[in-house]
Every structure is written in structure tokens, then in C-alpha cells.
Amino acid sequence: MANKNFGVLKKGSLGMLRFIVGKLQGSLSLPKRIREGHFVVITTQGQERKRFVIKLLYLNNPEFLKLLNRAEEEFGFSQEGALELPCRPDELLRILSL
């Protein structure tokens, strides 16, 4: 599902990354227990949905970026609040441990 806000953004482009960071910064107005420099994601596959607070530095992780691409393909980036990721909690933990 594509978002009309993406316009000319290409997958893997710097513009796409800036768009994602902008969306995430908009979600940083969530409860104060989320520290600056972090954002919330929710894993959507498996037995239960699980919430994670992720450091922005993971936006440099190639495996995490692949997961964001999968999220864009499946959900688009018109989501509000936490970003939904199409993976199991254990898959996200593996990516974050790289």
C-alpha cells in the first residue's frame, strides 16, 4: 500500500529515510516515558503483538531498514503513533542484536 505523501520518494533513498524519521519524531509526543532519541514499534506477527522502544541509531542498521521496507509495503506509513512492523518479536530481537 503506497502513501500519497511519499510522492517521488524511492525505496532506500535519503528522502525516504528523512520521511520515516519525520514520522517517528511526530510519534515522539507519546507518553513521557519514551526518552528523546527513541521511537515505539509494535511487532504484528506471532501469538501476541509486542511493543518495543527503539533507539533512533537503529535506522542505520541494514536489517532494520529491510524490516521498515517490509512495513511500508504491507502497511504504508500513514500510521499514527507506534510504527507496526510485520515480524515476530524474536525476529526483531535478532535484528536488534546484530
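Up top is the structure.
Residues numbered from 1 in each chain as written. Predicted model: local features only at pLDDT ≥ 70, side-chain atom pairs only at ≥ 80, totals over all residues. Heavy atoms only, no water.

Enquirer: Teacher, can you tell me more about the nonpolar core here?
Expert: Soluble, globular proteins show a tendency: their nonpolar side chains are buried together. Membership of the largest hydrophobic core comes to 20 residues, with the highest contact counts inside it found for Val41, Ile54, Phe64, Leu68, Leu85 and Leu92. Broken down by secondary-structure element, the contributors of at least two residues to this core are helix H1 (14–27), strand S1 (38–43), strand S2 (50–55), helix H2 (62–75), strand S3 (83–85) and helix H3 (89–96). (Core = buried A, V, L, I, M, F, W, Y, C linked by side-chain atoms within 4.5 Å. Buried < 20%, exposed > 50% of the residue type's maximum accessible area, 1.4 Å probe, protein only. Helix = DSSP H or I, 4+ residues; strand = E, 2+ residues; numbered from the N terminus.)

Enquirer: Explanation requested: the side chain of Asn61 in the structure shown.
Expert: Inspection of the secondary structure puts Asn61 in the loop between S2 and H2. Looking at Asn61, its side chain comes within polar contact range of the main-chain nitrogen of Glu63, at 2.8 Å. Here Ile95 takes part through its backbone oxygen, which lies 3.4 Å from a polar atom of the side chain of Asn61. Look past the residues within four positions of Asn61 in its chain and what remains in contact with it is Ile95 and Leu98. (Polar contact = N/O pair within 3.5 Å; in protein donor to acceptor, adjacent residues only side chain to side chain. Contact = heavy atoms within 4.5 Å.)

Enquirer: Got a minute to help me understand the sheet that holds S2 in this structure?
Expert: Consider a sheet: its strands pair through backbone hydrogen bonds, and that pairing is either parallel or antiparallel. Strand order across the open sheet formed by 3 strands is S2-S1-S3, with mixed pairing between neighbours. Two strands in the sheet have a free side with no partner beyond their single neighbour: S2 and S3. For this sheet, the mean inter-axis angle between neighbouring strands, taken without regard to orientation, is 35°. When S1 meets S3, the two strands line up parallel, connected through 3 bridges. Counterpart to Thr43 in the pairing with S3 is Leu85. On the sheet, H2 packs against S1, S2 and S3 and is oriented at approximately 100° with respect to S3. Sheet contacts for H3: S1, S2 and S3; angle to S2, the most-contacted strand, approximately 15°. (Pairing = 2+ DSSP bridges. Axes fitted to C-alpha atoms, helices over the stretch in contact; angles between N-to-C directions.)

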